[in-house]
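Here is what each chain is made of, one letter per residue.
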Amino acid sequence: MSGPVRYGFTEAVALRFAAHPVDGGEVPARVVRADRNRVVAATVDGLMRLPYPPAGRHPAPGAHPAAAPAPPAVPTAGDWVWLGQNRAGEPAIVRVLPRASELSRKRAYEASSEAQVLAANIDVVGVIVPVDRPLTHNRLERTLVAAWDSGATPLVIITKADLADIADDVVGKVILQAAGVDVVTTSAEQGDGLDELLTHVLPGRTLVLLGPSGAGKSTLINALAGHDVQSTGNVRAADGRGRHTTTSRELVPLPNGAVLMDTPGVRGFGLFDADDGMGEMFGDLEELFGKCRFSDCAHDKEPGCAVRAALEDESLDTRRWASYLKLQRELAALNRRHDAAARRAYQREWHQKVAVAGRSQRAAERYGKR
């Protein structure tokens with residue numbers, strides 16, 4: 001089986017396609033970019049632009065037209081997909097393969113309990129930290145939690161190290177805060193740190209870059225790719241913010257055989273179902289929980305609380321503990337909203353079934369009287 005090698009198609013990916021055959025699936029492909037109503041997919045023969053959602057697929061030979069399969073799940077950048085044909089005989093996505101990893105966040109509006117998928121089938125999540133603006137500890141922690149939870153490996157990438165005299169101080173703080181996560185310092189303008197960064201992204205693997213606007217992602221991508229792939233914009237001196245030079249998520253092949261995904265600047269990162277990521281990021285706190293005298297300790301005023309003792313002797317940073325509690329409250333509130341939404345959906349479905357059953361019963365009674 002052949003596929004788009006420049007976009008991460010390997011023998012392991014070929015085995016995934018073989019393990020998930022689909023009726024009408026003819027060509028393995030990877031989603032390079034997904035816009036509102038159009039998808040760019042890479043095949044062994046090059047890039048294809050496909051309408052989405054598809055116009056429909058042919059039913060199996062001999063089947064009734066109504067038996068045509070439903071449209072596939074909504075694809076996102078990084079997805080591996082089977083391509084086939086729609087009813088007009090045009091190329092179309094007929095199936096999205098199960099994802100090996102998925103980077104998600106809660107949708108931006110506060111009342112939402114839904115996830116927004118930012119990237120699929122990524123191997124490394126590069127969390128961008130520019131040195132030309134104050135380090136936001138809570139933002140870094142919540143982004144690393146999401147990175148761990150995605151199933152990929154987090155990597156902190158310090159950018160613009162040539163622009164500030166405080167680079168060493170920022171790197172030191174990041175290393176302490178992101179314990180267990182590798183940290184790479186780069187200067188795309190000077191070409192520093194790029195070789196070290198590429199050692200974390202081997203051929204066939206995919207790196208997604210995640211950071212705020214003006215953090216230097218586009219400049220870094222151009223340096224890694226060896227040519228201008230993304231446009232770059234100026235950063236306002238007043239607040240350190242830049243304009244969005246990236247408008248959608250898109251895969252970029254790198255000369256070493258790896259694949260890079262750029263993302264638009266993310267101002268906020270709401271967590272979504274991140275229990276695994278919390279365990280990875282705050283594993284030291286979970287060890288403390290196990291040392292408390294009571295298994296149901298609330299870590300407030302209970303005697304023998306290991307957390308309170310660590311806070312008092314300053315072996316546990318007060319800011320880190322407050323950040324953990326804030327993230328836990330956020331996840332708990334999201335779960336409550338999600339459960340409420342699920343209950344409403346169930347009630348709507350139940351009422352619909354009752355209404356349909358009632359109509360069927362009345363129709364049967366009328367038929368019996370006749």
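In this text, all values refer to a predicted model and were calculated from it rather than measured experimentally. (Residues numbered from 1 in each chain as written. Predicted model: local features only at pLDDT ≥ 70, side-chain atom pairs only at ≥ 80, totals over all residues. Heavy atoms only, no water.)

This part is about the state of the cysteines. Counting across every chain of the model gives zero disulfides. Free of any disulfide, Cys292 has its nearest neighbouring cysteine sulfur in Cys297, separated by 4.0 Å. Counting only cysteine sulfurs, Cys297 is the nearest neighbor of Cys305, a cysteine outside any disulfide, at a range of 3.7 Å. (Disulfide = S-S within 2.5 Å.)

The next point concerns unusual backbone geometry. A positive phi angle, near 60 degrees, is found at His299, a position not held by glycine. Its location among the elements puts His299 in the loop between α7 (283-289) and α8 (306-312). Positive phi, close to 65 degrees, is recorded for Glu314, a residue that is not glycine. Inspection of the secondary structure assignment puts Glu314 in the loop between α8 and α9 (318-369). (Helix = DSSP H or I, 4+ residues; strand = E, 2+ residues; numbered from the N terminus.)

Right, let's get into the pairing of strand β9 (residues 153-159). Of all seven residues in β9, six are buried; the element is thus mostly enclosed. Two strands pair when backbone bridges link them, and strand β8 (residues 124-130) and β9 are joined in this way by seven bridges, in the parallel orientation. Residue pairing for β9: Val127 is matched across the bridge by Val156. Remark: the β8/helix α2 (residues 137-149)/β9 crossover connection has right-handed handedness. Where β9 lies against strand β10 (residues 182-185), four bridges are found, and the strand directions are parallel. Paired with Ile157 across the strands is Val184, a residue of β10. (Buried < 20%, exposed > 50% of the residue type's maximum accessible area, 1.4 Å probe, protein only. Pairing = 2+ DSSP bridges. Right-handed = clockwise from strand over helix to strand, strands pointing away.)

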